[in-house]
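Inside the fold
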Amino acid sequence: MRVFVTGATGFIGSALTNELVNAGHRVLGLARSDEGAKALTAVGAQVHRGSLEDLASLRSAASKSDGVIHLAFIHDFAKFQENCETDRRAIEALGAALSGSDRPLIVTSGTGIVAPGRLSTEEDAPAVSSASIPRVASEEAAAAVRERGLRVSVVRLPQVHDRRRQGLITYAIDIARQKGVSAYVGDGKNRWPAVHLLDAARLYRLVIEKGGAGARYHAVAEEGVPLRQIAEIIGRRLNLSVVSKSPAEAMEHFGWLGVFAGHDSPASSALTRERLGWHPVGPALIADLERADKLEI
Ligand SMILES: NC(=O)c1ccc[n+]([C@@H]2O[C@H](COP(=O)([O-])OP(=O)(O)OC[C@H]3O[C@@H](n4cnc5c(N)ncnc54)[C@H](OP(=O)(O)O)[C@@H]3O)[C@@H](O)[C@H]2O)c1
């Protein structure tokens, strides 16, 4: 297949580009800089210059492709809501370019938005709208595109990790260094699910190759790792004390990350494994934190 990948220059997109190229697919990767274009060419991808804000650039690449995987996102959390709305418009533009065909569109979402406080599954629609949790906009856009008859599916990501990056935990490590303590919220039993980068990349490939229309997939290898365990390993490796914060103190301590730090958002991937024959092989999150570059003193 010739797959248009937005976010192909990013953490997950780079791994996905390698995965697709190694499996014999052709990748058309979105690049917004010369540096990004160079990186894509180096791994055997074709380059499409454009951006999330340039909807015509997204439409033109999608219309030349056999399928689209949408991973690009503007990770400026100070403008989170605005960036989620940019994502909505990008998904609608990609969908419009594929209309009248059965070429697949894969949209990226997060497991954390689905059903806070209980184990979420692929059958769950997000419990709330984008008015309460802005990132739900991505799934709302996917649903709107699907209603127009398109073959769209959603991949929900947990904390995606390798030795270089570990999702939101990467930011928690920076905060622990700045504040001189490694914190969790309350008793720290709240759980974050996780997946290794290469397992996540393999799942996207399986979805573009054989995913069902309208399906949701969970790229989850570990259903939920307690935040206290994560805080403890950060503390141990950085020689910092590990402390509990009340929910109110957590907003002060973690800043924008405070909204997520106390979330209990375990997620199942039983249906994803069964439907696609996806078997994550790790390493596990704690194993990657044990040797994380950012935790070197
Ligand atoms: N990593 C995780 O643990 C995790 C967890 C849940 C959900 N997700 C979601 O998974 C997706 C990929 O995440 P990631 O960790 O790979 O992110 P990342 O490393 O920050 O990469 C973001 C990608 O989006 C591109 N991008 C940013 N702004 C853009 C713009 N205005 N126009 C075009 N492209 C733009 C970047 O291009 P440049 O290279 O030019 O900057 C890069 O390719 C995102 O939707 C993210 O929210 C990730």
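Refer to the preceding data block for the structure.
This is a predicted model, so every value here is computed, not measured.

What counts as what
Residues numbered from 1 in each chain as written. Predicted model: local features only at pLDDT ≥ 70, side-chain atom pairs only at ≥ 80, totals over all residues. Heavy atoms only, no water. Near = heavy atom within 4 Å. Polar contact = N/O pair within 3.5 Å; in protein donor to acceptor, adjacent residues only side chain to side chain. Areas by Shrake-Rupley, 256 points an atom, 1.4 Å probe, with all protein chains shown as cover. Nonpolar A, V, L, I, M, F, W, Y, C, P; charged D, E, K, R; others polar. Core = buried A, V, L, I, M, F, W, Y, C linked by side-chain atoms within 4.5 Å. Buried < 20%, exposed > 50% of the residue type's maximum accessible area, 1.4 Å probe, protein only. Helix = DSSP H or I, 4+ residues; strand = E, 2+ residues; numbered from the N terminus. Contact = heavy atoms within 4.5 Å. Pairing = 2+ DSSP bridges. Right-handed = clockwise from strand over helix to strand, strands pointing away. Axes fitted to C-alpha atoms, helices over the stretch in contact; angles between N-to-C directions. Parallel < 35°, antiparallel > 145°, perpendicular 65-115°, else oblique. Left-handed = near helix turned anticlockwise from the far one by under 90°. Phe/Tyr/Trp six-rings, centres within 6.5 Å; stacked < 30°, edge-to-face > 60°. Lys NZ or Arg CZ within 6 Å of the ring centre and 35° of its normal.

Turning next to the site of the ligand. The environment of the ligand is made up of 23 residues, and the closest members are Thr9, Ile12, Arg32, His75 and Arg135. Take Gly7: an N or O atom from its main chain is 3.4 Å from an oxygen atom of the ligand. Between the ligand and Ile12 there is a distance of 2.9 Å, counted from an oxygen atom to a backbone nitrogen or oxygen. Protein chains bury 84% of the 910 Å² of accessible surface belonging to the ligand in isolation. Looking at the shell around the ligand residue by residue, the classes come out as 11 nonpolar, eight polar and four charged.

Turning our eyes to something else, we now look at the nonpolar core. Counting 33 residues, the largest nonpolar core has Ile69, Val155 and Tyr204 as its most contacted members. Breaking this core down by element, the ones donating at least two residues are β1 (2-6), α1 (11-22), β2 (26-31), α2 (34-42), β6 (152-157) and α7 (197-210). By residue number, the principal contributor to this core is α7, which donates eight residues. When residues no more than four places from it in sequence are discounted, the contact partners of Val155 are Ile106, Val107, Thr108, Ser109, Leu203, Tyr204, Val207, Tyr217 and Ala219. In this structure, Ile169, Trp192, Ile230 and Ala261 belong to the second largest nonpolar core, which totals 24 residues.

Here four bridges tie β2 to strand β3 (residues 46-49), and the two strands are oriented parallel to one another. Pairing of Gly29 across the sheet is with Val47, part of β3. Remark: the β2/α2/β3 crossover connection has right-handed handedness.

Attention now moves to the packing of α1 against α7. It is the contact of α1 with α7, at a shortest axis distance of 9 Å, that shows an interaxial angle of 60°. One element, α1, and the other, α7, form an angle in the oblique class. Crossing hand, α1 versus α7: right-handed. Taking contact as the criterion, the partners of Phe11, Ile12, Ala15, Leu16, Glu19 and Leu20 in α1 are, on α7, Leu197, Leu198, Ala201, Arg202, Tyr204, Arg205 and Ile208. Broken down by class, the residue content of the contact of α1 with α7 amounts to 10 nonpolar, no polar and three charged.

Let's shift gears to the environment of Ala115. For Ala115, the position within the fold is in the loop between β5 (105-110) and α5 (136-147). Separated by 11 residues in sequence, Ala115 and Pro126 have C-alpha atoms that sit 6.6 Å apart.

Inspection of the entire model under this criterion finds six aromatic pairs. Pairing Trp256 with Phe260 gives two aromatic rings, centres 6.3 Å apart and planes at 80°, and the pair type is edge-to-face. Under the relative-accessibility criterion, Trp256 is labelled partly exposed at 34%. Residue classification places Phe260 among the partly exposed residues on the basis of a relative accessible area of 22%. Over the ring of Phe73 we find Arg135, and its NZ or CZ is 4.0 Å from the ring centre.

The alternating pattern of strand β4 (residues 67-70) places Gly67 and Ile69 and Val68 and His70 on opposite faces, both of which are buried. When β1 meets β4, the two strands line up parallel, connected through four bridges. Across the sheet, the residue bridging to Val5 is Ile69, located in β4. Pairing analysis gives three bridges linking β4 to β5, with the strands arranged parallel. Bridge pairing in β5 links Ile69 to Ile106. In this view, the connection linking β4 to its parallel neighbour β5 by way of helix α4 (residues 80-98) has right-handed handedness.

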